[in-house]
Amino acid sequence: MVRVYALYRVSTKGQVDHDDIPMQRLDCQKFVASHPDWEITKEFYEKGISGYKVSSEKRDAIVQIKADALAGKFDVLLVFMFDRLGRKDDETPFVVQWFVAHGIRVWSTKEGEQRFDHHVDKLLNYIRFWQASGESEKTSIRVRAKQQQMVLAGEYRGGLIPFGFDAVHLGRVNKKNKPVMDLVRNEEEAAIKCEVYHKIVDEGYGGNRIANWLNERGIKTKRGTTLWRATSVRAMIGNPIDRGQMHLGETLSEPIDALRIVDDYYFYKAIELIEDRGKAISEGRKNALRTDAGGL
């Protein structure tokens, strides 16, 4: 019996279907069924793992499969397509070679077996992942360009909802006619956040004092807890959305009045004061840790 390990991978959680990767799994099972002496002895699922961004050394499935290869636990590594093993042109070709060099046959249901009988095999192996890497890079550029366009248009891209706002459906739909969420100001939280800015600027509050002030009043974080810390306060301050701007890195929309929580003076002054306070605390810690070598 030929013992087969099957690896299924998708790059985003959105591609997972009810905690499964059925298309790849079913194709691999069908392929194994066409080889009477083959049997899948173990299946590995990588759900939401980018083969372009994540090194094989940090992928638990690849690490485990390599360990099992060294232990002689299987004979064939099967994937739907070779780019399921990764899309890094400076790494993945050598991952494939590693398996073959350690006696593991590497198969794709769509591309056959990757062998290294001739020098040209190594070249084709490299070219395959060079092309996959290029496609991933182009996809990444297209996705980022689309997200930048959304930001400039003042559209919410999804993700973590900042304190002071809610994500609601206002009737917008995407190209697939699915509802799209928009950010709106949560008036109760917005008032609290505005007061935080004023306390920093007008009353000299720091992160710890603000955290205590919020905790004493039972004000919940966006995650629903009532435990604020100085770090969470500092993370809350200085988000461009507080002055009504959607942002992605350095890309900013024009200020949207309906979203603005605080005016520009308090926004930038609070950032300045919080940063200065943080530098002073850090410098104080460094000074406290110093020893006078001459006194030893």
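The paragraphs below set out a description of the structure included in this document. If you're wondering where the values come from, they're calculated on a predicted model, not measured in any experiment. (Residues numbered from 1 in each chain as written. Predicted model: local features only at pLDDT ≥ 70, side-chain atom pairs only at ≥ 80, totals over all residues. Heavy atoms only, no water.)

On the surface, Val120, Leu123, Leu124, Tyr126, Ile127 and Trp130 cluster together into a nonpolar patch covering about 550 Å² of accessible area. Looking at the secondary structure, you find Ile127 in helix α4 (residues 119-152). (Patch = residues over 30% accessible without salt bridge, like charges linked within 9 Å, V, L, I, M, F, W, Y side chains within 5 Å. Areas by Shrake-Rupley, 256 points an atom, 1.4 Å probe, with all protein chains shown as cover. Salt bridge = Lys/Arg side-chain N within 4 Å of Asp/Glu carboxyl O. Helix = DSSP H or I, 4+ residues; strand = E, 2+ residues; numbered from the N terminus.)

Formed by 31 residues in total, the largest nonpolar core has its most connected members in Val196, Leu214 and Trp228. For this core, the leading source of residues is helix α5 (residues 187-203), giving six residues. With residues up to four places along the chain from it excluded, the contact list for Val196 reads Ile210, Trp213, Leu214, Met236 and Ile237. In terms of nonpolar packing, the next biggest core, distinct from the first, is built from 18 residues, Ile65, Val79, Val95 and Phe99 among them. (Core = buried A, V, L, I, M, F, W, Y, C linked by side-chain atoms within 4.5 Å. Buried < 20%, exposed > 50% of the residue type's maximum accessible area, 1.4 Å probe, protein only. Contact = heavy atoms within 4.5 Å.)

When helix α6 (residues 207-216) is considered as a whole, its buried residues turn out to be Gly207, Ile210, Ala211, Trp213 and Leu214. Taken end-on, α6 shows its buried residues confined to a sector of 160°, consistent with a single buried face. Exposed and facing more than 90 degrees away from the buried side of α6 are Asn208 and Glu216. Gly218 sits one or two positions beyond α6 and adopts a positive phi of about 70°. (Arc of directions from axis to C-beta.)

Next up on the list: the sheet that holds strand β4 (residues 105-108). Taking strand neighbours across the sheet as the criterion, the five strands line up as β2-β1-β3-β4-β5 in an open arrangement whose pairing is mixed. Either end of the sheet is taken by a strand with one partner, and the two such strands are β2 (38-47) and β5 (112-114). The sheet shows a mean angle of 25° between the axes of neighbouring strands, taken without regard to direction. Two strands pair when backbone bridges link them, and strand β1 (residues 2-10) and strand β3 (residues 76-79) are joined in this way by four bridges, in the parallel orientation. By the bridge assignment, Leu7 is partnered in β3 with Val79. With respect to the sheet, helix α2 (residues 60-70) is in contact with β1, β2 and β3, its orientation differing from that of β2 by roughly 150°. Packed on one face of the sheet, helix α3 (residues 92-101) meets β3, β4 and β5 and runs near 130° to β4. (Pairing = 2+ DSSP bridges. Axes fitted to C-alpha atoms, helices over the stretch in contact; angles between N-to-C directions.)

This part covers α3. Along α3, the positions that sit buried rather than exposed are Thr92, Pro93, Val95, Val96 and Phe99. The buried residues of α3 occupy one face: seen down the axis, they fall within an arc of 160°. Gly103 lies just past α3 and shows a positive phi near 85°.

Next up on the list: the pairing of β3. Burial of the side chains of β3 extends over both faces: Val76 and Leu78 are buried on one face and Leu77 and Val79 on the other. Pairing of β3 with β4 involves four bridges; the strand directions are parallel. Bridge pairing in β4 places Val76 opposite Arg105. In this view, the connection linking β3 to its parallel neighbour β4 by way of α3 has right-handed handedness. (Right-handed = clockwise from strand over helix to strand, strands pointing away.)

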